[in-house]
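Understanding the architecture of this molecule
One letter stands for each residue in the lines below.
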Amino acid sequence: MATHLALMQSPDMGLALTALGRGADLVTTDAGHALVIRRRIGPLGEVRFSSQGPVFADQSTLADRVAMLRAARLHLLNAANGTQAVCRAAGFAQVMTPATTAILPVAFDTDAQMRMAHGKWRSAARAAARAGLTLTRSPLDGEHAWLFAREAAQQNSRGYRALPPALTRAYAQANPGQAQVFAAHQDGEPIAAMLVLTHGPSATYHIGWSGDAGRRARAHHAVLMAVTDWLRDTGIATLDLGGLDTRHAPGLARFKLGSGAAPLTLGGTWIRWPRPSGAFRRWQRPRQSL
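Residues numbered from 1 in each chain as written. Predicted model: local features only at pLDDT ≥ 70, side-chain atom pairs only at ≥ 80, totals over all residues. Heavy atoms only, no water.

1. Some thoughts on the nonpolar core
Among the nonpolar cores identified, the biggest contains 29 residues, and L224, V227, L231, L239 and L241 are the most heavily contacted of them. Listing elements by their share of this core, those giving two or more residues are β7 (100–105), α5 (119–129), β9 (179–186), β10 (189–199), β11 (202–210), α9 (219–234) and β12 (238–243). The element contributing the most residues to this core is α9, with seven residues. Apart from residues lying up to four places away in sequence, L241 is in contact with A102, L104, Y205, L224, K256, S259 and A261. Formed by 23 residues, the second largest nonpolar core is a distinct cluster that contains L17, F148, Y171 and L195. (Core = buried A, V, L, I, M, F, W, Y, C linked by side-chain atoms within 4.5 Å. Buried < 20%, exposed > 50% of the residue type's maximum accessible area, 1.4 Å probe, protein only. Helix = DSSP H or I, 4+ residues; strand = E, 2+ residues; numbered from the N terminus. Contact = heavy atoms within 4.5 Å.)

As C-alpha cells, this is what we get:
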C-alpha cells in the first residue's frame, strides 16, 4: 500500500490553521517534518502539540529522527505508526495507548476497487447502484450548511465530536478544490453525504452523514465508490476513513473494514515537559485509549 500522509501533518492543514489565526509551524529537517500547533493554556503558557506525526524520511537514522523531534520542541504528541522508539529516545513518556485508523488504498480501476471489498460490502454496493440514487460532487461552499447542521445533530445523538466547522471551511478556502462534498439524492433530497479533504497524495473522509432513507438504500456504499472513482482520476493513492471503534461504533467499523481498508495502529500519546511535576510523574503509566 502507498504511504499515507495524515491530514494533520499536511502543509494544507497548516494553511487552514494559519488562516484562522491559530499558531501552526511546519518544522522541517533532512530527517522529515512535523506540523506543530501552538496554543496558550493558562498558567502553562504556550503548549506545542502535533498529531499523527512526525513524518520521517525513509533514509533518516534514529539519531536524525531524535534530533528532528527535539527541534520541534513538542510538549504533547499523538504519534504516528512506528515512532515509539524515537519518542522514547527523545525523552517523551507515553500516557495513552495507540488508537487505530482505517486506510483504504485507491485501486487502479473501479472493478479492482470492488474486488478489494468484502463479499457483503460488495453486495450492498451493488444494491445501492440499483436503487436509482442520484450521485453528485461539488466543492464545499456556503451552500452546504445543511451538511454541517445534520452532522452536528448526528454528533449529539451519537455522542462524538469532530473538528469545528470553522476549521473545515478555512481548509476549503485556503486549499481551493481540496474539500469536496459527495452526496446521494433520492426524489431530489439528499439522503447521505461524505465530505472528503485531499492533501498531497492522500485524502481523508472528514464528515459522513446518512439519514434513515440513506441507510435503507445503502447510500454510503455508492457514495464511497464515487469518492474512490474521483480520487483515482485526481491521482490520490490512499483514503483515511477515520478511527476504528469496534466497541462503541461496530457498524461503522464493519463498513470501513468491509470496503477493503486496512487497520493502521498509530503510535499512542506522548508527553515531554522540561521540568516534570509530581502530577506528570503520576501520568507516566500508559492509559488505555477509549
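What follows continues from the structure just given.
2. Topic: the sheet that holds β9
With mixed pairing, the seven strands of this open sheet are ordered in space as β8-β9-β10-β11-β12-β7-β13. Edge strands, defined here as strands with exactly one partner in the open sheet, are β8 (134–139) and β13 (262–265). Across the sheet, the mean angle from the axis of one strand to that of its neighbour is 30°, orientation sign disregarded. Relative to β9, β8 is paired through six bridges, and the arrangement is antiparallel. Looking at β9, one finds that T136 is bridged to A183. Of the strands in this sheet, β9, β10 and β11 are in contact with helix α6 (residues 145–158), which crosses β11 at around 75°. (Pairing = 2+ DSSP bridges. Axes fitted to C-alpha atoms, helices over the stretch in contact; angles between N-to-C directions.)

3. Re the pattern of salt bridges
Two side chains carrying opposite charge are able to pair once their charged atoms lie near each other. A full pass over the atoms with the stated rule returns six salt bridges. A salt bridge links E46 to R38; the nearest nitrogen and oxygen atoms lie 3.6 Å apart. For R232, the salt bridge identified is with D229, shortest N-O distance 2.8 Å. Remark: D229 and R232 occur in helix α9; sequence separation between them is three residues, near one turn of the helix. On the basis of relative accessibility, which here comes to 19%, the residue R232 falls in the buried class. By relative accessible area, D229 is classed as partly exposed at 25%. Beyond isolated ion pairs, a larger network of salt bridges with shared partners links D25, R38, E46 and R48. (Salt bridge = Lys/Arg side-chain N within 4 Å of Asp/Glu carboxyl O.)

4. Re the packing of helix α1 (residues 11–19) against helix α7 (residues 165–174)
Packed helices, taken two at a time, are described by their axes: the angle between them and the distance between them. Viewed as axis vectors pointing N to C, α1 and α7 meet at an angle of 115°, and their least axial separation amounts to 8 Å. The angle between α1 and α7 places the two elements in the roughly perpendicular class. The crossing of α1 and α7 is right-handed. Along its contact with α1, which presents D12, M13, L15, A16 and L17, the element α7 presents L167, A170, Y171 and A174. When the residues that make up the contact of α1 with α7 are grouped by side-chain class, the tally is eight nonpolar, no polar and one charged. (Parallel < 35°, antiparallel > 145°, perpendicular 65-115°, else oblique. Left-handed = near helix turned anticlockwise from the far one by under 90°. Nonpolar A, V, L, I, M, F, W, Y, C, P; charged D, E, K, R; others polar.)

5. Notes on the side chain of T101
Residue placement: T101 occurs in strand β7. Polar side-chain contacts of T101 include one of 2.7 Å to the side chain of D240. A polar atom in the side chain of T101 sits 3.0 Å from the backbone oxygen of G242. Setting aside its immediate chain neighbours within four residues, T101 contacts D240, G242, G243, L244, A262, P263, L264 and L266. (Polar contact = N/O pair within 3.5 Å; in protein donor to acceptor, adjacent residues only side chain to side chain.)

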